[in-house]
Amino acid sequence: MLLGSSTSLIYKAVNETALLSITAPGSIYEATWMKGGQRLVQIKNGRTRHYVNKDQCRCVMLRNGTLQIQRLEKADSGNYTVLVYQQDGKLKAEENIMFFVQEPVPQPILSAECRNKNVSVKCEVKQKAKDEAFIIELTQPTGKKIQKNATTLEWHGRNSGMFRCVVKNQVSEKMTEKVIKCPGKLDFYLILSIAGGAVFFVILVICLIYCIRRKKTKRHEGYEEERVMQTLPMDREKGMRELPQTPSTPTPRQLRVQQRPLPQPQGLQQALPPQPRPRPRTQPRTPNLPRERP
């Protein structure tokens, strides 16, 4: 009994391995895989037979009838058909598979330019293979823009924020995102606020430095004054110790007292003979010269 034919789509990337399986239930006695009407490989009663070069096909048929293709190339894309037969030779099922091998998408580039408070965002792909189909999406804060089979997608507006550029196909997807913000009125006031804060900070630092230096100066003056007050009594005492006594000129009375002999004991005065008194000094008399007569 023929179960009917079915068609499915399968996408794979280059250099991957593909498994094309049979969806018909039950065990597989005989199955033949074909590509575009050309037979590739057959399994019958557990034995496998290749109709093309095995290395060129890079294909292997498993016991359950699945076709395995290794190291995929874009040339492997096409319409694959499998015919399943029963043991009595009757056709059991026929299945068709549209198989596509695609290149992975390249990394998108997201750029922006500010023009008169407006933003112009561009999402682009530098590399695109011939006959390669993919979708490019540009997501911005207020919506999304999508375009198929294009290398560039642009958006213009006043919105700022997170922008996301996505490039994808059936086998891969890559994304680039960036925060884009153009200067406006708010940014102008923000700049003024930052500048004012910077000026205030500089003034505060200057005042702080001045206060610290003034405090240090006062503290130094206090230390100097205290040191002077501590050293002043020591200098006075040292000056008094080192100050020489100036001799005073004796008065005549003091001289007479110094020349007067000291009183002696009475017994000593009797034993000692009386001392001769000093003779008064007489000035020599000038001789009388004879007068000459006139």
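A brief structural summary. These figures come from a predicted structure and were not determined experimentally.

1. Considering the state of the cysteines
Logical step 1: As enumerated under the stated definition, the model contains two disulfides in all.
Logical step 2: Across the disulfide from C57 sits C59; the S-S distance is 1.7 Å. Because the sign of the S-S torsion sets the handedness, a value of about 115° for the bond joining C57 and C59 places this disulfide among the right-handed ones. Accessibility classification places C57 together with C59 in one group, the buried group.
Logical step 3: For C207, which is in no disulfide, the shortest distance to another cysteine sulfur is to C211 and amounts to 6.5 Å.
Logical step 4: C207 sits in the partly exposed class, given a relative accessible area of 42%.

2. Observations concerning the sheet that holds strand β10 (residues 109–115)
Logical step 1: Spatial ordering of the open sheet is given by β10-β11-β14, a layout of three strands whose pairing is antiparallel. If you trace the sheet from one side to the other, it starts and ends with β10 and β14 (152–157), each paired once. Direction aside, the axes of adjacent strands within the sheet are offset by 15° on average.
Logical step 2: By the bridge criterion, six bridges tie strand β11 (residues 118–124) to β14 in an arrangement that is antiparallel. The partner of K122 across the bridge, within β14, is E154.

3. Description of the environment of M34
Logical step 1: On the secondary structure map, M34 appears in strand β3 (residues 30–35).
Logical step 2: The exposure class assigned to M34 is buried, which follows from its relative accessible area of 16%.
Logical step 3: Along the primary structure M34 and L83 are separated by 49 residues, whereas in three dimensions their C-alpha atoms are 8.4 Å apart.
Logical step 4: What M34 contacts, discounting residues up to four positions off in sequence, is R39, L40, N79, Y80, T81 and L83.

4. Examining the side chain of T66
Logical step 1: Mapped onto the elements, T66 comes out in the loop between β6 (59–61) and β7 (67–69).
Logical step 2: Judged by relative accessible area, T66 falls into the buried class, the value being 7%.
Logical step 3: At 3.1 Å, the side chain of T66 forms a polar contact with the side chain of N64.
Logical step 4: Discounting chain neighbours no more than four positions away, the residues touching T66 are L19, L20, S21, W33, V60 and M61.

5. Thoughts on the sheet that holds β6
Logical step 1: Spatially, β2-β7-β6 is the arrangement adopted by the three strands of the open sheet, whose pairing is antiparallel. Across the chains shown, the open sheet's two edge strands, defined by having one partner strand only, are β2 (18–20) and β6. This sheet shows a mean twist of 20° between the axes of neighbouring strands, independent of strand direction.
Logical step 2: Of the strand pairs in this sheet, β2 and β7 are connected by three bridges, and their pairing is antiparallel. Bridge assignment links L20 to a residue of β7, and that residue is L67.

6. Some words on a nonpolar patch on the surface
Logical step 1: Judged by side-chain polarity, F201, V202, V205, I206 and I209 come together as a nonpolar surface patch covering roughly 460 Å² of accessible area.
Logical step 2: Mapped onto the fold, I206 is located in helix α2 (residues 185–242).

7. A short note on the nonpolar core
Logical step 1: Formed by 24 residues in total, the largest nonpolar core has its most connected members in L20, I22, W33, L67, Y80 and F99.
Logical step 2: For this core, the elements supplying multiple residues, two or more each, are β2, β3, β4 (38–44), β6, β7, β8 (78–85) and β9 (91–102).
Logical step 3: Residue contacts for I22: discarding those within four places in its chain leaves I28, A31, W33, N64, G65, V82, V84 and E95.
Logical step 4: With 17 residues, the next largest nonpolar core counts V105, F134, F163 and V167 among its residues.

8. A word on unusual backbone geometry
Logical step 1: One non-glycine residue, N15, lies in the positive phi region at around 75°.
Logical step 2: Within the element layout of this structure, N15 appears in the loop between β1 (5–13) and β2.
Logical step 3: Despite not being glycine, R71 shows a phi value in the positive range, around 45°.
Logical step 4: Within the secondary structure, R71 is located in the loop between β7 and β8.

Definitions and cut-offs
- Residues numbered from 1 in each chain as written.
- Predicted model: local features only at pLDDT ≥ 70, side-chain atom pairs only at ≥ 80, totals over all residues.
- Heavy atoms only, no water.
- Disulfide = S-S within 2.5 Å.
- Buried < 20%, exposed > 50% of the residue type's maximum accessible area, 1.4 Å probe, protein only.
- Pairing = 2+ DSSP bridges.
- Helix = DSSP H or I, 4+ residues; strand = E, 2+ residues; numbered from the N terminus.
- Axes fitted to C-alpha atoms, helices over the stretch in contact; angles between N-to-C directions.
- Contact = heavy atoms within 4.5 Å.
- Polar contact = N/O pair within 3.5 Å; in protein donor to acceptor, adjacent residues only side chain to side chain.
- Patch = residues over 30% accessible without salt bridge, like charges linked within 9 Å, V, L, I, M, F, W, Y side chains within 5 Å.
- Areas by Shrake-Rupley, 256 points an atom, 1.4 Å probe, with all protein chains shown as cover.
- Salt bridge = Lys/Arg side-chain N within 4 Å of Asp/Glu carboxyl O.
- Core = buried A, V, L, I, M, F, W, Y, C linked by side-chain atoms within 4.5 Å.

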